[in-house]
Amino acid sequence: MEITIVSHSLSGIFLTKLRDKNADVSNFRETIESLTTVLFVESSKSLATETIEVETPFEKTIGTKLVEDIILIPIIRAGLGMVRPILNLYPQAIVMHIGAKRDEKTLETISYYSNINERIEGNTVFLLDPMLATGGTLSFSIDEIAKFSPERINILTVICAPEGIERVSFVADNSGIPIALWTAIIDRQLDDNGYILPGLGDAGDRIFGTI
Ligand code: URA
């Protein structure tokens, strides 16, 4: 799995805001959206396009069109906070959902909702989850999505733990599908409860104000 740590100065500034425990819910939500915009722009540089003709008010010229669908799959709940900024840039994107969470005691993945389908075949999936911690939910999601043969899977995360990267890389490299990951940073480690250190806390709680 190819991993890109997005080195854009804006991503460092946004990440610092997200880490700040004093950021309130509106600040946090807005900043996740800003950082997602940077991640999406970076990760969509090489989508397949074709040349088309377009007519300006003056004359015909050459333009660009995507040759595939973009499919966003946020992992509920925290991934939902990354959907709106991508739709703002590319409103034609299709949005499917996976609901998976960690059992807080065993840290194993529990799936409670899935709405993905054959429209995935041959198209690029953007799998959205701000925190790659143990890697359980992302690994589960990759396995589910791979069943529908996407062209590739681009994973967008804000913070990764080294433990999660290792687990997801293993699953990705054995999936038979090109999978790449973009993140703002790889943090130090997981704590005993599966939270990332130094991290930013519980991303879902901070996006939805349920702390
Ligand atoms: N999920 C979060 O929201 N935060 C973490 O630190 C780990 C998993």
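Residues numbered from 1 in each chain as written. Predicted model: local features only at pLDDT ≥ 70, side-chain atom pairs only at ≥ 80, totals over all residues. Heavy atoms only, no water.

Draft legend 1. Structural detail: the sheet that holds strand β13 (residues 185–186). Spatially, β9-β11-β13 is the arrangement adopted by the 3 strands of the open sheet, whose pairing is parallel. Strand pairing shows two members of the sheet lacking a second neighbour, β9 (131–132) and β13, which therefore form its edges. Alignment of β9 against strand β11 (residues 159–160), held across 2 bridges, turns out to be parallel. What sits directly across from Met131, in β11, is Ile159. (Pairing = 2+ DSSP bridges. Helix = DSSP H or I, 4+ residues; strand = E, 2+ residues; numbered from the N terminus.)

Draft legend 2. Seen up close, the site of the ligand. Within the structure, the ligand sits among Arg102, Met131, Ala133, Gly194, Tyr195, Ile196, Gly201, Asp202 and Ala203. In this structure, an oxygen atom belonging to the ligand sits 2.7 Å away from a main-chain N or O atom of Ala203. Contact with the protein chains removes 89% of the 240 Å² of surface that the ligand exposes when unbound. According to the grid-proximity analysis, the pocket containing the ligand is the largest pocket. Its residues placed into classes, the shell around the ligand shows 5 nonpolar, 2 polar and 2 charged. (Near = heavy atom within 4 Å. Polar contact = N/O pair within 3.5 Å; in protein donor to acceptor, adjacent residues only side chain to side chain. Areas by Shrake-Rupley, 256 points an atom, 1.4 Å probe, with all protein chains shown as cover. 1 Å grid on protein atoms, 1.4 Å probe; cavity = no way out; pocket = protein on both sides within 12 Å on 5 of 7 lines; lining within 4 Å. Sits in = over half its atoms within 2 Å of the grid points. Nonpolar A, V, L, I, M, F, W, Y, C, P; charged D, E, K, R; others polar.)

Draft legend 3. Geometry of unusual backbone geometry. Omega for the bond connecting Ile76 with Arg77 falls within 30 degrees of zero, at 15 degrees, which places this linkage in the cis form. Leu197 connects to Pro198 through a cis peptide bond whose omega is 0 degrees. Secondary-structure assignment places Pro198 in the loop between β15 (196–197) and α6 (203–208). Backbone geometry places Ser149, a non-glycine residue, at a positive phi of 50 degrees. With respect to the helices and strands, the residue Ser149 is situated in the loop between α4 (136–146) and β10 (152–156). By relative accessible area, which is 40% here, Ser149 ends up partly exposed. (Buried < 20%, exposed > 50% of the residue type's maximum accessible area, 1.4 Å probe, protein only.)

Draft legend 4. Fine view of the nonpolar core. Among the nonpolar cores identified, the biggest contains 36 residues, and Leu72, Leu156 and Val158 are the most heavily contacted of them. Counting residues per element, the ones that place at least two in this core are α1 (9–19), α2 (25–43), β4 (70–76), α3 (83–89), β8 (124–128), β12 (179–183) and α6. Tallying contributions element by element places α2 first for this core, with 6 residues. When sequence neighbours within four positions are dropped, the list of residues in contact with Val158 reads Leu15, Leu18, Ile32, Leu35, Leu39, Asp129, Pro130, Thr183, Ala184, Ile185 and Leu200. Ala100, Ile116, Ile120 and Leu138 belong to the second-largest nonpolar core, a separate cluster that totals 26 residues. (Core = buried A, V, L, I, M, F, W, Y, C linked by side-chain atoms within 4.5 Å. Contact = heavy atoms within 4.5 Å.)

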